[in-house]
Amino acid sequence: MHTVLRICCVLLLCISEVYASETLTLAPGQASPKANIEQLSWLAGHWRGEALGGVVEEHWAPPFAGTMVGTFKLSSNGKVKFYEIEIIREVADSLVLQLKHFNHDLKGWEEKDKTVDFPLVKIEEDAAYFDGFTIRKISADEIHMFVVFEREPQLKQAVFKYNRVKP
């Protein structure tokens, strides 16, 4: 657990941009809106950018069986810093984004049966607002992601700007 806190503190130090209006939060008792995985089909593909002091890369499989699966990798100076396995899945007529973090050697951050969950707050044609995590399509070849790392004393987010990697 201490390792996770240290890594999160390091990540906070790497955040260079703060966008207080790019993420949303579910109000207490607020239900997630109706949505289906096909609404995020534009996310499928191989994406690369720079963030958190290194090169970030994501691969998202197309929607299938009510889910999309993705992987994330942060590399710096030719070495992997950490990975994530991500899914967006249909739950109760809406969507939830779930992920797990792993060190460079695949040792997990979260406990075995735990995930970091982001329920859907709002969906648009070119954006999905999960609670503290926004994915926005800028164009067919560019997406931006905004992730909340700290809420108090003020909201701080990391910004990931990705370009599509052509095969």
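Before reading further, recall that the structure is shown in the block above.
These notes cover the structure that comes with them. The numbering scheme is per chain: residues are counted from 1 as the chain's sequence reads. Where local features are concerned, this predicted model is filtered to residues with pLDDT of at least 70; where side-chain atom pairs are given and counted, the filter is 80 or more; whole-chain, interface and lining totals use all residues. Note that water and hydrogens are dropped before the side-chain values are worked out from all heavy atoms of the structure.

Considering the sheet that holds strand E2 (residues 54-60)
To keep things clear, this is the line we draw: In this analysis, strands are considered paired if DSSP registers two or more bridges between them. Segments assigned H or I by DSSP are reported as helices when at least four residues long, segments assigned E as strands when at least two residues long, and all are numbered from the N terminus. Interaxial angle, 0 to 180 degrees, is taken between N-to-C directions of lines fitted to C-alpha atoms, where a helix line uses only the stretch in contact.
Strand order in the closed barrel made by the 10 strands is E1-E2-E3-E4-E5-E6-E7-E8-E9-E10, with antiparallel pairing throughout. When strand polarity is set aside, the average angle formed by the axes of neighbouring strands in this sheet is 25°.

A word on the packing of aromatic side chains
Short version of the rule: Under the pairing criterion, centres of Phe, Tyr and Trp rings, with the six-membered ring standing for Trp, must be within 6.5 Å; the plane angle then separates stacked pairs below 30 degrees from edge-to-face pairs above 60, leaving the rest tilted. Whether a residue is buried, partly exposed or exposed follows from its accessible area with a 1.4 Å probe, protein chains only, as a fraction of its type maximum: under 20%, in between, or over 50%, in that order.
Inspection of every chain in the model, using the stated rule, returns five aromatic pairs. Between Phe72 and Phe82, the aromatic rings sit 5.4 Å apart at their centres with planes inclined by 35°, giving tilted as the arrangement. In this pair, Phe72 is assigned in strand E3 (residues 67-76) and Phe82 in strand E4 (residues 79-91), connecting sequence segments 10 residues apart. Comparing Phe72 with Phe82 shows no difference in burial state: the two are buried. The interplanar angle of 65° and the centroid separation of 5.2 Å between the aromatic rings of Phe118 and Phe133 together place this pair among those described as edge-to-face. Pair noted here: Phe118 is in strand E6 (residues 116-124) and Phe133 is in strand E8 (residues 133-139), with a separation of 15 residues, a long-range link.

As for the pattern of salt bridges
To be explicit about the condition: Basic side-chain nitrogens of Lys or Arg form a salt bridge, by our definition, when they fall within 4 Å of a carboxyl oxygen of Asp or Glu.
Under the counting rule described, the total for this entry stands at seven salt bridges. In this structure, the salt-bridge partner of Lys107 is Asp105, at a minimum N-O distance of 3.3 Å. Classification of Asp105 as partly exposed rests on a relative accessible area of 37%. Via salt bridges that share partners, Arg48, Glu57 and Lys73 belong to a single interconnected network.

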